[in-house]
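# Working through the structure, step by step
Each chain, written out:
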Amino acid sequence: MSSELFGNRLLVIDDEPAFGALIRKVGESCGFEVLVTDDPISFSKTVQSFGPTVITLDLNMPGTDGVQLLRSLAADRCAAHLILSSGAGGKVLEAVMRLGHERGLKMSGVLPKPFRLETLREMLTQFSRISKKASAIDLADGITNGQLFLEYQLKLDCVLGLFTGVEALARWRHPIHGLIRPDEFIPLAEETDLIHRITDWAVSAAAEQSAVWQARNLDLSVAVNISAKDIEDLDLPERLHGHCKEAKIDTTSIILEVTETDAMREPVQMMDVLTRLRLKDFRLSIDDFGTGYSSLTQLQRLPFSEIKIDQSFVMQMTTDLGCQTIVEIIINLASKLGLKSVAEGVEDGVTLNALIDMGCDLAQGYHLSRPVAPDRIPELIASYQSPKMGGAA
Ligand code: C2E
Ligand code: MG
Ligand code: MG
């Protein structure tokens, strides 16, 4: 995979030639290869052949509108940063931004017309740095040279008032760019086969860490995130089982988290791999539940053992009745299906108490613990006081 594939490319869709030319000028001065088009009909093909890292999208094109174009970008699973340019009012722009988010697109900014050149320059410089950071060649080197590491975030058992598990979260310490978060490098890894190397590394490292904690009598389940691309790989169950055997831990200690949107594709192949993982006694969790495309039937048919309620609902549940209702329904659904419910994104004590009252099984979030290095976990457990004993640490 060539690093040029991940260079900075800007696609401008605008029917006003003057704006197109202006954006081109600024884009080129920020180091982007720029393509300007005013043809919404062949837009999808242009996106696929050009592979932009950033797209500026005029919402009002003759013959189509931005919402239709967003729909087509979402269908193509476009990973580019999207900047909406429009003379439309704030409310319309807000609604379109929200719609794009909900379709899983990276809605990265708004450029109200007329715009200041400096505003566009600032946006592009930011994205140009992000995409430069994430070169596939760099990432492959990073995996080989041990630049990736795991942090762990504690999970509280709401009934026992005790920490009973952790989630392992990958980070990349890049020698030049510094710390890079998984939201930046996991999508890049998923576009290449590097994701399989990351998953093998993450499960293996988490299994070794689990063995270290077990030797210190700390009984913690360890959750590892795996990608949808992994569950298309028929050898995955054997490989992951092998990593646990090497670390001399039981597969029952490991929970594999799959994101809901991704988990729901390729049902037959996926069912094959997920079922064999369960037969090997791994636990399976459906991550970010409530944001994707799952049907309740699939949820009941697939061998998941846990539902993780998406943090967007949990974070707003004390201020938004709709979110509160969704959280409550998911907790009840999990209970009725015999699955554990986990709420992530618990940022304050009020939310934690509300979740406990709703009968949620497990809670995870900054209020309880940030993701930390593994050697900090024992001290966090020791210093924690459950809410019943007077508030979180
Ligand atoms: P996720 O699995 O849903 O993980 C939860 C994310 O929410 C983590 O972000 C965590 O740091 C953050 N978080 C936890 N509690 C709170 C809170 O109270 N407030 C807020 N604002 N955020 C909270 P992080 O570490 O940046 O990871 C982002 C995503 O990257 C993860 O989402 C997961 O989908 C993916 N990821 C992380 N590590 C791996 C990995 O090893 N392999 C794969 N395939 N994906 C990974
Ligand atoms: Mg997760
Ligand atoms: Mg999640």
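Everything discussed here concerns the structure shown above.
Figured I'd write up the structure that's included with this text. (Residues numbered from 1 in each chain as written. Chains lettered and ligands numbered in written order. Predicted model: local features only at pLDDT ≥ 70, side-chain atom pairs only at ≥ 80, totals over all residues. Heavy atoms only, no water.)

Formed by 75 residues in total, the largest nonpolar core has its most connected members in Leu139, Tyr152, Leu256, Leu277, Val327 and Leu355. Looking at this core element by element, the count peaks at 8 residues for helix α8 (residues 194-215). Apart from residues lying up to four places away in sequence, Val327 is in contact with Ile309, Phe313, Val314, Met317, Leu355 and Met358. Counting residues in hydrophobic clusters, the runner-up holds 22 residues, among them Ile13, Met61, Leu73 and Val96. (Core = buried A, V, L, I, M, F, W, Y, C linked by side-chain atoms within 4.5 Å. Buried < 20%, exposed > 50% of the residue type's maximum accessible area, 1.4 Å probe, protein only. Helix = DSSP H or I, 4+ residues; strand = E, 2+ residues; numbered from the N terminus. Contact = heavy atoms within 4.5 Å.)

Within the protein, the atoms that donate to the magnesium ion (ligand 2) are Glu167 (OE), Asn225 (OD1), Glu257 (OE) and Asp287 (OD), at distances of 2.0 to 2.2 Å. Sequence positions of the donors to the magnesium ion (ligand 2) reduce to the motif E-x57-N-x31-E-x29-D. Taken as a pair, the magnesium ion (ligand 2) and the magnesium ion (ligand 3) lie 4.2 Å from each other and share Asp287 as a ligand. Of this pair, Glu167 sits in strand β9 (residues 162-174) while Asn225 sits in strand β11 (residues 221-226), and the two are 58 residues apart along the sequence. Using a relative accessible area of 29% as the deciding quantity, one classes Asn225 as partly exposed. (Donors = N, O, S within 2.8 Å, 3.2 Å for Na, K, Ca; no water.)

Counted under the stated rule, the structure contains 3 aromatic pairs. Look at Phe163 and Tyr384: their rings are 4.6 Å apart centre to centre, the planes differ by 55 degrees, and that puts the pair in the tilted class. Of this pair, Phe163 sits in strand β9 while Tyr384 is found in the segment after α16 (377-383), placing the two residues 221 residues apart along the sequence. Accessibility assignment for this pair places Phe163 and Tyr384 in one class, buried. With a centroid separation of 5.8 Å and 85 degrees between ring planes, the pair formed by Trp172 and Phe185 is classed as edge-to-face. (Phe/Tyr/Trp six-rings, centres within 6.5 Å; stacked < 30°, edge-to-face > 60°.)

Moving on, we get to the site of ligand 1. Contacts to ligand 1 come from 25 residues, most closely from Asn225, Asp287, Gln311, Glu347 and Tyr366. One nitrogen or oxygen atom from the main chain of Ala170 is found 3.0 Å from a nitrogen atom belonging to ligand 1. Here an oxygen atom of ligand 1 sits 2.7 Å away from a polar atom, N or O, in the side chain of Gln311. When ligand 1 is considered free in solution it has 800 Å² of accessible area, and contact with the protein chains removes 88% of it. Going through the elements one at a time, β9, α7 (182-191), β11, β13 (283-289) and α13 (311-316) are the ones with two or more residues in the shell around ligand 1. (Near = heavy atom within 4 Å. Polar contact = N/O pair within 3.5 Å; in protein donor to acceptor, adjacent residues only side chain to side chain. Areas by Shrake-Rupley, 256 points an atom, 1.4 Å probe, with all protein chains shown as cover.)

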